[in-house]
Amino acid sequence: MNALLASKACDVTGIVAIACARHGCYAPNSLVDLFLGEGQPNVDFSLLKAILLTHVDPEQGLLLYYDIVCQYIIHLLYRIGNHLPDGLNVDAAIGLFHVHAHKDDCFYRFASSFIPGAGIVAGEILESLWSTLNSISPSARTATIAHRAELLDDHATDSNHKKMLGIVPSLCKNFQHASEMSLLSLKYYDSLTQQAGHIVVNHWMADVILAEANRVNSRAAMDIYATKLEKPTAPVLPQLYSSGSAVDRWMSFALEVENKQ
Amino acid sequence: MFVADGNFKADHVRQKSDRENVWLSEGGGMVPKREEYLSFLKTARVKHTVSWLRKGRYNIPLLIWSA
């Protein structure tokens, strides 16, 4: 939490970076300093630079993984719509480690498992890049701003260079793994289809195709993945917070806040 | 496909003087040009999302939540 406080001691409280979600290469010019918490404008700038300098074509579209994308994406077009390339569709996902800490709806709307074309990606590649960065970044804490920037530059560029050198064996290994896994999941899929019956499966398939077609405009369409069971409801507490002692009111209000989270 | 994330360990301690800053390759790598970034932050459009706690009958002042 210290990072969220304006501090007299620190003039930079952290950094934000953007990297390729598949291979984990840092995107040029998008490693930015944070001055007061992780503000949306900081990430906006980083994103714009990443789009510009990695030459994202509007036809490619863009899928952005970000821990708090469910909030970040809401007013994205208001904030930087005029800076984005014309016709670029920005889709949003949350990394598979972070999505479980969100409310249930976020899982169906933002988990990469449900996004067509996202592939099998955890979307947390920067966490592993941070682990190597964290071993060198303390030495830049008291450097000059310029020297620190160049140290971070060197580290990130070196990380990308090493990635490039190792990319062929790494892709070969991943391809082999993916081929094996795809055979395996096909096997599971077939036996599940057999158990459920073709009629139901066709019905589900139609539902999924419809939801996936609509998900960019209305993410709530993805909620069909949720179980249809009634959620166990929390016991309804009498609305005490308008009566009783001050402590009673405070407690029942606090309980209601917790229920609504 | 991009992934964005913050790192709060890479902070920087305020120095007595900024005069010693000598930029050798500013904007040539992963870190953007400083002036460009700072001026973007100054002119950035911001729109805050409003929590349900601030809506309707609750209307809790923001101060409580930031306390």
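All of these numbers come straight from a predicted model, not from anything done at the bench.

Rules of the game
Residues numbered from 1 in each chain as written. Chains lettered and ligands numbered in written order. Predicted model: local features only at pLDDT ≥ 70, side-chain atom pairs only at ≥ 80, totals over all residues. Heavy atoms only, no water. Helix = DSSP H or I, 4+ residues; strand = E, 2+ residues; numbered from the N terminus. Rg over C-alpha atoms; globule rule 2.2 N^0.38 Å. Buried < 20%, exposed > 50% of the residue type's maximum accessible area, 1.4 Å probe, protein only. Contact = heavy atoms within 4.5 Å. Areas by Shrake-Rupley, 256 points an atom, 1.4 Å probe, with all protein chains shown as cover. Lys, Arg positive; Asp, Glu negative; His and termini not counted. Charge placed at Lys NZ, Arg CZ, Asp CG, Glu CD. Patch = residues over 30% accessible without salt bridge, like charges linked within 9 Å, V, L, I, M, F, W, Y side chains within 5 Å. Salt bridge = Lys/Arg side-chain N within 4 Å of Asp/Glu carboxyl O. Arc of directions from axis to C-beta. Buried area = accessible area lost by both parts, 1.4 Å probe. Polar contact = N/O pair within 3.5 Å; in protein donor to acceptor, adjacent residues only side chain to side chain. Nonpolar A, V, L, I, M, F, W, Y, C, P; charged D, E, K, R; others polar. Pairing = 2+ DSSP bridges. Axes fitted to C-alpha atoms, helices over the stretch in contact; angles between N-to-C directions. Parallel < 35°, antiparallel > 145°, perpendicular 65-115°, else oblique. Left-handed = near helix turned anticlockwise from the far one by under 90°.

> Sorry if this is basic, but what is going on with the overall build of chain A here?
Secondary structure summary: chain A contains eight helices and five strands in total. When the helices and strands of chain A are read in sequence order from the N terminus, they spell out β-β-β-α-β-α-α-β-α-α-α-α-α. Relative to the globule expectation of 18 Å for 261 residues, the C-alpha radius of gyration of chain A, 23 Å, shows a markedly less compact shape. Over its C-alpha atoms, taken along the principal directions, chain A stretches across nearly 60 × 60 × 35 Å. In chain A, buried positions account for 38% of the 261 residues. Contacts in chain A between residues at least 24 apart in sequence constitute 59% of all its contacts with a sequence separation of at least 6. About 15400 Å² of surface is accessible on chain A, with carbon and sulfur atoms providing 62% of the total. Computed over 18 positive and 26 negative side-chain charges, the separation of the two mean positions in chain A equals 3 Å.

> Teacher, can you tell me more about a nonpolar patch on the surface here?
Residue and element names in this part refer to chain A. A contiguous nonpolar surface patch, about 400 Å² in accessible area, is contributed by Leu-186, Tyr-189, Met-205 and Ile-209. Every element with two or more residues in the nonpolar patch is listed here: helix H6 (145-196) and helix H7 (198-214). Look at Ile-209 and you get exposed, because its relative accessible area is 53%.

> How should helix H5 (residues 125-136) of chain A be read in this particular structure?
Owing to its 3.6 residues per turn, the α-helix brings residues three or four apart onto one side. Here H5(A) has its buried residues at Leu126(A), Leu129(A), Trp130(A) and Leu133(A). Burial along H5(A) is one-sided: seen end-on, the buried residues are contained in an arc of 110 degrees. In this structure, the buried side of H5(A) is in contact with strand E2 (14-20) and H6 of chain A together with strand E1 (2-7) of chain B.

> Can you help me understand the interface of chain B and chain A in this one?
One frequent convention defines the size of an interface as the accessible area lost when the parts assemble. On the chain A side, the residues contacting the 43 residues of chain B number 87 residues. Per-residue buried area on chain B facing chain A is highest for Met1(B), Phe2(B) and Met30(B); these three make up 17% of the total on that side. Between chain B and chain A we count three salt bridges in total. For Arg141(A), the salt bridge is made with Asp11(B), and the minimal N-O distance between the two is 2.7 Å. On the surface where chain B and chain A come into contact, there are 32 residue pairs in polar contact (both at pLDDT 80 or more). Along the lines of polarity and charge, the residues of the side of chain B that touches chain A split into 23 nonpolar, nine polar and 11 charged. Relative to strand E2 (residues 12-13) of chain B, strand E1 (residues 10-12) of chain A runs antiparallel, the two sharing two bridges. Its bridge partner lying in E2(B), Val12(A) is registered against His12(B).

> Just checking my understanding: could you explain the packing of helix H1 (residues 40-53) of chain A against helix H1 (residues 34-43) of chain B for this structure?
In a packed pair of helices, the relevant descriptors are the angle between the two axes and the axis-to-axis distance. For the pair H1(A) and H1(B), the least separation of the axes is 9 Å and the interaxial angle reads 130 degrees. With respect to H1(B), the element H1(A) is oriented oblique. As H1(A) packs across H1(B), the resulting crossing turns out to be right-handed. Residues Pro41(A), Asn42(A), Asp44(A), Phe45(A), Leu48(A) and Lys49(A) of H1(A) lie in contact with H1(B), whose contacting residues are Glu36(B), Tyr37(B), Phe40(B) and Leu41(B). Looking at the contact of H1(A) with H1(B), its residues break down into six nonpolar, one polar and three charged.

> For this particular structure, what's the right way to read the pairing of E1(B)?
Each regular strand carries side chains that alternate between the two faces of the sheet. Burial analysis of E1(B) places six of its six residues in the buried class, the great majority of the element. Taking every second residue as pointing to the same face, both faces of E1(B) are buried, with Phe2(B), Ala4(B) and Gly6(B) on one and Val3(B), Asp5(B) and Asn7(B) on the other. Examined bridge by bridge, E2(A) and E1(B) share six bridges and lie antiparallel to one another. Bridge assignment links Val16(A) to a residue of E1(B), and that residue is Gly6(B). Looking at chain direction, strand E4 (residues 62-66) of chain A and E1(B) are connected through three bridges and run parallel. Along E1(B), the bridge assignment pairs Tyr66(A) with Ala4(B).

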